[in-house]
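# Geometric and topological summary
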Amino acid sequence: SYMQSWLPQGEPKEYLYQPLADYPLRGGRMFRPSLCIATGRVFGASIEELLPAAVSIELIHNALLIHDDIEDESDERRGKPTLHKQIGTALALNTGDSLALLSLRPIVEARGLLGSNLVLRILEEFDHMAQQTAEGQALDLGWRRDNAIDLREEDYLKMVLKKTCWLTTLFPMRVGAMIGTRDMVNLDSLFNFGFFLGAAFQIQDDVLNLVGNHEQYGKELDGDLQEGKRTLMLVRLLELSSESERAQIKEILDTPRDSRSEDAVRWLHDSMVAKDCIEYAKELAHGLAGAASHEFEKVFSELPDSDDKAFLSRLPTWVIERS
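Here we summarise the structure given alongside this text. Since the model is a prediction, treat every value here as computed from it, not as a measurement. (Residues numbered from 1 in each chain as written. Predicted model: local features only at pLDDT ≥ 70, side-chain atom pairs only at ≥ 80, totals over all residues. Heavy atoms only, no water.)

This paragraph deals with unusual backbone geometry. Geometrically, the link from E11 to P12 is a cis peptide bond, its omega value of 5° lying close to zero. Although it is not a glycine, E73 adopts a positive phi angle of roughly 60°. Summarising the element assignment, E73 is placed in the loop between α5 (47–72) and β1 (76–77). A relative accessible area of 37% places E73 in the partly exposed class. Phi at D222 is positive, roughly 65°, even though this residue is not glycine. As for its position among the elements, D222 is in the loop between α13 (214–217) and α14 (223–227). The class of D222 is buried, set by a relative accessible area of 12%. (Helix = DSSP H or I, 4+ residues; strand = E, 2+ residues; numbered from the N terminus. Buried < 20%, exposed > 50% of the residue type's maximum accessible area, 1.4 Å probe, protein only.)

If you walk through the whole model with that rule in mind, you get 27 salt bridges. One salt bridge connects E125 with R121, and the closest N-O pair in it is separated by 3.8 Å. Of this pair, E125 and R121 both sit in helix α10 (residues 116–145), 4 residues apart, which is roughly one turn of the helix. We note a salt bridge from R144 to D140, for which the minimum N-O separation is 3.1 Å. Residue R144 and its partner D140 are both found in helix α10; the two are separated by 4 residues, about one turn of the helix. On the basis of relative accessibility, which here comes to 14%, the residue R144 falls in the buried class. Here the residues in one salt-bridge network are D72, D140, R144, K163, D224, E227, K229 and R257, joined through shared partners. (Salt bridge = Lys/Arg side-chain N within 4 Å of Asp/Glu carboxyl O.)

On to the environment of K298, then. Turning to its location among the elements, K298 is positioned in helix α18 (residues 277–300). Remark: the alpha-carbon pair of K298 and L190, spanning 108 residues in sequence, is separated by 9.6 Å.

What follows is about helix α12 (residues 191–211). Between the first and last C-alpha of α12 there are 30 Å, a value that for 21 residues agrees with the 30 Å anticipated at 1.5 Å per step. By the criterion of burial, α12 is predominantly enclosed, with 18 of the 21 residues buried. (Expected span 1.5 Å × (residues − 1).)

Moving on, we get to the side chain of D206. Looking at the element boundaries, D206 is found in helix α12. Among buried Asp, Glu, Lys and Arg side chains, D206 stands out as unpaired, with K229 the closest opposite charge at 6.3 Å. Of note is the side chain of D206, whose polar atom sits 2.6 Å from the side chain of Y156. A distance of 2.8 Å separates a polar atom in the side chain of D206 from a polar atom in the side chain of Q202. (Lys, Arg positive; Asp, Glu negative; His and termini not counted. Polar contact = N/O pair within 3.5 Å; in protein donor to acceptor, adjacent residues only side chain to side chain.)

Further remarks concern the packing of aromatic side chains. One pass over the structure, following the stated rule, counts 11 aromatic pairs. In textbook terms, an aromatic cluster arises when at least three aromatic residues are bridged by ring pairs, as seen for F43, F193, F296 and F300. For R236, the ring lying beneath its charged end belongs to Y280, and the centroid distance is 4.0 Å. Of note, R322 hangs over the ring of F201, and the distance from its end group to the ring centre comes to 4.0 Å. (Phe/Tyr/Trp six-rings, centres within 6.5 Å; stacked < 30°, edge-to-face > 60°. Lys NZ or Arg CZ within 6 Å of the ring centre and 35° of its normal.)

Okay, here's the thing in structure tokens:
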């Protein structure tokens, strides 16, 4: 409800403010703002102090989703048609731009609550996160444009660190901890927990795109294969394939998305199953989640017990058990 209060009303309603509210009001898990709030409360912040940052995080996430769906040519988001499918690419791009700029407003206007110095530090963190996210997205899109097939697991994890972890786990936790300690915490101490948690989250998301429950997952199944995304499973498949199989995979990925047949996508999917690429990804996600739990104990064990601390401690299990 607090986020909704930041969504502008007025004209042009049909062309801007109605679509601007579309993704934020579709719901979702609110994972990122929840992580910010829980971390901040563990470090001593009040919910009132954390809400502006939490809303900013959720708004920028939704803005980037609008752009991601255009870049990926996706058809579904949270069980409904993507925004550009509803109102057209040009209006959706403008809506995403507006929502991204709007996302800064709750933090900027929290100066009286948090103090100008802390708000400036949060904006500096915001800037760093935005740069890392853009670099990760550039790798993801560039690999698809150039039809890269010589990628390794470490390339994928580097991309995930930038594209997923900074916005999904690292930035929310760092901001929450900054607010809770008035910027007196060593932010680097949160890095390993945030990276392992975010990487496990992304790998599980990639797995669900192949084998998830469509209604709960909220996006088209096998969409990553249709889009040619370089997921861990595709990287693994390329590593395990023969030269002739790699040539076939490359030919399929060279085909434009709209021309890629269902049979070709099914062949990629079945090949991943046959070579245990999905099981490999699940095992790595479990390993990363276990590492995240270990890092959680190192960072949070001496802080007072609370519901928020218990929530954070259960996240490594949640990210790999969600469906």
